[in-house]
Structures are given as C-alpha cells and as structure tokens.
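In case you want the letters, here they are:
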Amino acid sequence: MRVVSGIQPTGSLHLGNYLGAIRNWVRMQDEVTATGGQCLFFLADLHSLSEHIERQVRIDSLRDMTAALVACGIDPERSILFNQARVPAHAELCWLLNGTARMGWLNRMTQFKDKSGKNREGASVALFDYPVLQAADVLLYQATHVPVGDDQKQHLELARDIATKFNSDTGREVFTLPDPIIPPATARIMSLRDGSAKMSKSDASDMSRVNLSDDAETIQQKVRKAKTDPEPLPSEAADLANRPEARNLVAIMAALDNRSTDEVLAEHGGSNFGPFKAALADRLVVTLAPIATRYQALRGSSEIDALLVAGAQRAADIARPTLEAAYEALGLQRAGRS
C-alpha cells in the first residue's frame, strides 16, 4: 500500500486543517507504515503557481508549512515528506500527461469553474491544468491509495481516466490506477465569526480562525470572542440545526475529544456559553500548545531545509522508473539515456 497526498503551502495551517486533514495524515502514517506500507506527503508548491504569490512569501510559506506538519506529527523518518519543486519529475510527467488529458475533461472540473468564477479568460493556464499536475503527483509514485474529500473526488477520477487512456494508447501498463481513501468522518470546522462559512486561512480576519501557531493567550481570546447566540446550549444535537455558531463550537469540542455532538451536549447542555467557551479554550490549548511549541522551534531551523532535501531525494528515487517508463512508452528519449 502506497499513499500519496499533498497540501498547498499557502497561508498558515489552522484548526480546520488539523482536524479535517492533518490529523488523518498522522493516523494514516501510523496505520500504513505499521503494516509495511509507505506514505508520501508533499508540499504542493508547483500548484501554488496557479495564483500570483510574492517570491519571499512563497519561500517562507513552504518552510512554515513544513514545520507545522512535522509539529503535528508527520515523521520524516517513517513517511517521505518533500516539496514538489525539488522533484522535477512532477512537472515533466504533467507535460507528458497533457498529451493524454482532454480539454473536455478539464472543462468539466467544477473546482476550476468555482475558482475562476466569471473571469475564466483571466484565469491562469496553471489553474486550468491543475488537475493534470495532480494526476502526475499520484501516478508518478504508483500510488495505490489517495485520501480524498468531497472536493477532490472528481480530480482523482480524472487521474484514473488519464492513466487508463495512457496505458491503452501506448499498450503499456505504465501507471497504477489509484483507489480513493475516504477519511473517517470529520467535523466541518467553520469560522469563529460566521458559522455558515468554512474556517479559512484566506479570511481577512485572524479572529475567524485558530492558527496552529497561536499561543495559549491568543487561543483563549479568540474562543472567548467567538460569535454565539443568546440561548444556552441545548441537550440534543437536533436543537442546534438553526444555530450555526453554537453548532460549530460544539463540533470543535466533539472533534477534539473524538466524541459525538450528543455526548458533548450531555455534559454541557443547559450551560451558558461563558463556561462552555472556557472549557473549549482549555481543551484547545491542551491539544495545540505542544504543536505550537514544536512549530516555533522548527520554523527557523536549518532542520527544515535538510529534511525537505532528504525527502525529495527519496521521492525522486521512487519516481524515476515511472517517469522513464512513460518517456519510453511515448518513444521519447531523455538526456543521459540512449
């Protein structure tokens, strides 16, 4: 079993990223490597070219995101952690797969439609071709499994379509068709300022999210000032249906403790938000303080660059045979090969 997954190194990791994805990465790392499998986790810095980002911001974001992932529990000894740009095979294979991918397939990608909005003519080619690079990311390593959320299912289906057509067109079984891993159900963590909007690193208000780098005082302040309604907490989950901010805070507590909403309400139902927020803030500090401490120690150290270089070498060694097979199947000759 070989699992491959990536994350864009833009902005700071926040509580929604941790509970929705990164914690599952750590669990997968523990489960897959315990049975002799392999996990490759990468920082998708080539994907960040789909939008304009200042050079130094891109450099700093890569190092900060790497530090955050390690602080959360990704172990570079047990998993392969690297950034795309250090493994040129990603870009090379993407270009080879552009000959197989079809415009009609890419035109149906809903993420491109959502992100380009009404200005499709002004969107970058990188944004349009994003799913082909994603296909290269997983096919390059003969991934057997890829964790996907609802927003990525369509892109994995495209990767399988590209692999199938490439294998068929060339008459070679170059690529493995990856299967999806549907992570365990996780809470959809919403903004602390608007319970109807997803917690996001792009939100202009830092008070809308709990960053993994926040110290204890900042976490307590953000939770204390989180938007709520005037009613006390109910005793049953059904009574949160029309109370998005209350539902979000209860969901965060439930996710932190791996409990159901009903279990949290059985303990806190009837309570006003003052005591509940205090309990939630304390629970967040207990969970995130060790991560923040490790993160601050790592982000300015040379250890980050060293582990990314080492991870990229390991990834490149795995990628090389697949890339060479793809060139050979197409009748192309690479430099240094006859």
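See the structure shown above.
Residues numbered from 1 in each chain as written. Predicted model: local features only at pLDDT ≥ 70, side-chain atom pairs only at ≥ 80, totals over all residues. Heavy atoms only, no water.

Caption draft 1: Just the overall build of the chain, in detail. Counting secondary structure elements, the chain contains 12 helices and five strands. Its C-alpha radius of gyration of 22 Å places the chain within 12% of the 20 Å reference for a compact globule of 338 residues. In the chain, which comprises 338 residues, the share counted as buried stands at 49%. A sequence separation of at least 24 residues applies to 75% of the contacts in the chain between residues at least 6 apart. A total of about 15900 Å² of accessible surface is found on the chain, and carbon and sulfur atoms cover 50% of it. The positive charge centre, built from 38 side chains, and the negative charge centre, built from 42, are 3 Å apart in the chain. (Helix = DSSP H or I, 4+ residues; strand = E, 2+ residues; numbered from the N terminus. Rg over C-alpha atoms; globule rule 2.2 N^0.38 Å. Buried < 20%, exposed > 50% of the residue type's maximum accessible area, 1.4 Å probe, protein only. Contact = heavy atoms within 4.5 Å. Areas by Shrake-Rupley, 256 points an atom, 1.4 Å probe, with all protein chains shown as cover. Lys, Arg positive; Asp, Glu negative; His and termini not counted. Charge placed at Lys NZ, Arg CZ, Asp CG, Glu CD.)

Caption draft 2: Inspection of the pattern of salt bridges at higher detail. In total, this model carries 18 salt bridges according to the counting rule given. Across the salt bridge formed by Lys 222 and Asp 214, the nearest N and O atoms sit 2.8 Å from each other. Residue Lys 222 is classed as buried on the basis of its relative accessible area of 1%. Taking relative accessible area as the criterion, Asp 214 reaches 9% and is therefore assigned buried. Residue Arg 259 pairs with Glu 267 through a salt bridge whose shortest N-O separation is 3.0 Å. Given the relative accessible area of 26%, Arg 259 is considered partly exposed. Taking relative accessible area as the criterion, Glu 267 reaches 52% and is therefore assigned exposed. The structure contains a network of salt bridges with shared partners spanning Asp 206, Arg 209, Asp 214 and Lys 222. (Salt bridge = Lys/Arg side-chain N within 4 Å of Asp/Glu carboxyl O.)

Caption draft 3: Representation of a negative patch on the surface in the model. On the surface, Glu 236, Asp 239, Asp 262 and Glu 263 cluster together into a patch of negative charge. Structurally, the position occupied by Asp 262 is in helix H10 (residues 261-268). (Patch = residues over 30% accessible without salt bridge, like charges linked within 9 Å, V, L, I, M, F, W, Y side chains within 5 Å.)

Caption draft 4: Broad picture of unusual backbone geometry. Backbone geometry places Gln 142, a non-glycine residue, at a positive phi of 55°. Following the sequence through the fold, Gln 142 ends up in the loop between helix H6 (125-139) and strand S4 (145-147).

Caption draft 5: Quick look at the side chain of Asp 214. Relative to the elements of secondary structure, Asp 214 occurs in the loop between strand S5 (179-181) and helix H8 (216-224). Here Lys 222 takes part through its side chain, which lies 2.8 Å from a polar atom of the side chain of Asp 214. What Asp 214 contacts, discounting residues up to four positions off in sequence, is Arg 209, Ile 219, Lys 222 and Ala 292. (Polar contact = N/O pair within 3.5 Å; in protein donor to acceptor, adjacent residues only side chain to side chain.)

Caption draft 6: Examining the environment of Pro 9 more closely. Among the structural elements, Pro 9 can be located in the loop between strand S1 (2-7) and helix H1 (15-34). As a C-alpha pair, Pro 9 and Pro 290 span 281 residues in sequence and 21 Å in three-dimensional space. What Pro 9 contacts, discounting residues up to four positions off in sequence, is Leu 43, Ala 44, Asp 45, Ser 61, Leu 62 and Met 65.

Caption draft 7: Spotlight on the packing of aromatic side chains. Taken as a whole, this structure holds five aromatic pairs when the rule is applied. An angle of 15° between the planes, with centres 4.5 Å apart, marks the rings of Trp 25 and Phe 41 as stacked. Here Trp 25 is found in helix H1, whereas its partner Phe 41 is found in strand S2 (residues 38-43), with 16 residues between them in sequence. The class for Phe 41 is buried, based on a relative accessible area of 0%. Where Phe 112 meets Phe 128, the ring centres are 5.2 Å apart and the plane angle is 80°; that geometry is what we call edge-to-face. Within this pair, whereas Phe 112 is found in helix H5 (residues 110-116), its partner Phe 128 is found in helix H6, the two being separated by 16 residues in sequence. For the pair formed by Phe 112 and Phe 128, the shared burial category is buried. Within the aromatic cluster, the residues linked to one another by ring pairs are Phe 42, Phe 82 and Tyr 141. (Phe/Tyr/Trp six-rings, centres within 6.5 Å; stacked < 30°, edge-to-face > 60°.)

Caption draft 8: Up close: the nonpolar core. Residues Leu 15, Leu 69, Ile 252, Phe 276, Leu 280, Leu 284 and Leu 288 are the most contacted members of the largest nonpolar core, which totals 58 residues. The element best represented in this core is helix H11 (residues 273-299), accounting for 10 residues. Look past the residues within four positions of Leu 284 in its chain and what remains in contact with it is Leu 15, Ile 219, Val 223, Ile 252, Leu 256 and Ala 289. Membership of the second largest hydrophobic core comes to 46 residues, among which are Val 87, Trp 105, Leu 139 and Val 148. (Core = buried A, V, L, I, M, F, W, Y, C linked by side-chain atoms within 4.5 Å.)

Caption draft 9: Fine view of the pairing of S2. Most of S2 sits out of view: five of its six residues are buried. Pairing geometry for S1 and S2, over six bridges, is parallel. The partner of Ile 7 across the bridge, within S2, is Leu 43. Between the parallel elements S1 and S2, the chain passes through H1 in a crossover that is right-handed. Pairing of S2 with strand S3 (residues 80-83), which is carried by four bridges, proceeds in the parallel orientation. When the sheet's bridge partners are listed, Leu 43 is paired in S3 with Asn 83. Viewed along the sheet, the connection from S2 through helix H2 (residues 55-72) into S3 turns out right-handed. (Pairing = 2+ DSSP bridges. Right-handed = clockwise from strand over helix to strand, strands pointing away.)

These figures come from the coordinates and say nothing about function on their own.
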